[in-house]
Amino acid sequence: MELPGCCLWFTGFSGAGKSTVANIVVADLVARGRNVELLDGDEVREHLTKGLGFSKADRDENVRRIGWVAGVLARNGVVSVTAAISPYRAIRDEVRATIENFVEIHVATTLEECETRDVKGLYAKARAGEIPEFTGVSDPYEAPLDPEITLVTTGRTPKQSATEVITWLEANGLL
């Protein structure tokens with residue numbers, strides 16, 4: 001039996017662990033023989049959405065474009081994995097409505113913990129006013145109301161969080 005494609009949508013603050021956990025999930029899925037494509041927020045901004053800023057309209061367009069690609073991949077049997085802050089609930093819900101097997105994964109790391117993990121110093125720059133419209137500091141993050149998976153990463157390894165995602169996929173017929 002061929003398994004359906006799906007979209008694993010990792011959302012959360014900068015530094016929450018979205019990309020770290022997503023990369024482990026991708027490696028596990030590839031090892032199981034699944035066709036997988038990772039759409040990482042930083043890489044997407046480098047190519048697919050180059051030129052978009054961080055205003056609400058630009059962020060919404062960024063998420064819309066990621067969602068369109070993820071949906072095309074999913075409907076063609078691929079597991080599309082996104083790791084993008086995607087701070088606004090309404091646009092995530094808009095994308096959800098266009099993808100049959102949309103799995104929202106809230107990487108629910110606290111803002112305080114994300115700031116301690118910030119190797120690039122982005123939060124410090126945002127708090128100093130050097131980065132305007134920074135999610136969690138000068139721009140809101142709207143947490144999902146009812147995600148399929150909520151990962152609390154504090155006190156857990158990225159591998160433990162990835163295993164939770166894989167277990168959910170197995171239990172729900174997507175793996």
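Note that the coordinates shown come from a computational prediction; the quantities given were computed from them, not determined experimentally. (Residues numbered from 1 in each chain as written. Predicted model: local features only at pLDDT ≥ 70, side-chain atom pairs only at ≥ 80, totals over all residues. Heavy atoms only, no water.)

> Could you clarify how one ought to interpret the overall build of the protein in this entry?
Broken down by element type, the protein carries 7 helices and 5 strands. Starting at the N terminus and ending at the C terminus, the protein contains elements arranged as β-α-β-α-α-β-α-β-α-α-β-α. Taken over C-alpha atoms, the radius of gyration comes to 16 Å for the protein, in line with the 16 Å a tight globule of 175 residues would show. For the protein, buried positions account for 45% of its 175 residues. Considering only residue pairs separated by 6 or more positions, the protein has 74% of its internal contacts joining residues 24 or more positions apart. When the accessible surface of the protein is summed, it comes to about 8600 Å², and 53% of that surface belongs to carbon and sulfur atoms. Of the side chains in the protein, 19 bear a positive and 26 a negative charge, and the two mean positions are spaced by 1 Å. (Helix = DSSP H or I, 4+ residues; strand = E, 2+ residues; numbered from the N terminus. Rg over C-alpha atoms; globule rule 2.2 N^0.38 Å. Buried < 20%, exposed > 50% of the residue type's maximum accessible area, 1.4 Å probe, protein only. Contact = heavy atoms within 4.5 Å. Areas by Shrake-Rupley, 256 points an atom, 1.4 Å probe, with all protein chains shown as cover. Lys, Arg positive; Asp, Glu negative; His and termini not counted. Charge placed at Lys NZ, Arg CZ, Asp CG, Glu CD.)

> Is there a simple way to think about the sheet that holds strand β4 (residues 102-107) in this case?
Strand pairing in a sheet relies on backbone hydrogen bonds. The paired strands run either parallel or antiparallel. Within the open sheet, the 5 strands sit side by side as β2-β3-β1-β4-β5. Their pairing is parallel. Each edge of the open sheet carries a strand with a single partner, namely β2 (36-40) and β5 (149-151). On average, each strand axis in the sheet is tilted by 15 degrees relative to the strand beside it, whichever way the strands run. Strands in contact with helix α7 (residues 158-171) are β1 (6-11), β4 and β5; relative to β5, the strand with the most contacts, it is inclined by about 170 degrees. (Pairing = 2+ DSSP bridges. Axes fitted to C-alpha atoms, helices over the stretch in contact; angles between N-to-C directions.)

> Explain the side chain of Thr153 here, please?
Structurally, the position occupied by Thr153 is in the loop between β5 and α7. Polar side-chain contacts of Thr153 include one of 3.4 Å to the backbone oxygen of Ala16. Here Thr153 is in contact with Ala16, Val107, Thr109, Arg117 and Ser161, once residues within four sequence places are set aside. (Polar contact = N/O pair within 3.5 Å; in protein donor to acceptor, adjacent residues only side chain to side chain.)

> What should I look at first to understand the packing of aromatic side chains in this one?
When we look at a pair of aromatic rings, we describe it by the centre distance and by the angle of the planes. Here the structure, examined in full by the defined rule, presents 3 aromatic pairs. Where Phe13 meets Tyr141, the ring centres are 5.1 Å apart and the plane angle is 45 degrees; that geometry is what we call tilted. Of this pair, Phe13 sits in the loop between β1 and α1 (18-31) while Tyr141 is found in the loop between α6 (122-127) and β5, placing the two residues 128 residues apart along the sequence. Residue class for Tyr141 comes out buried when judged on its relative accessible area of 15%. Here the aromatic rings of Tyr123 and Phe134 are separated by 4.9 Å at their centres, their planes lie at 85 degrees, and the arrangement is edge-to-face. Remark: Phe134 occurs in the loop between α6 and β5 and Tyr123 occurs in helix α6; sequence separation between them is 11 residues. For the residue pair Tyr123 and Phe134, the accessibility class agrees, reading buried in each case. Between Arg45 and the ring centre of Phe54, over which it is positioned, the NZ or CZ distance is 4.0 Å. Across the ring face of Tyr88, the terminal group of Lys56 is positioned such that the distance to the ring centre comes to 4.5 Å. (Phe/Tyr/Trp six-rings, centres within 6.5 Å; stacked < 30°, edge-to-face > 60°. Lys NZ or Arg CZ within 6 Å of the ring centre and 35° of its normal.)

Worth remembering: the numbers are spatial, not functional.
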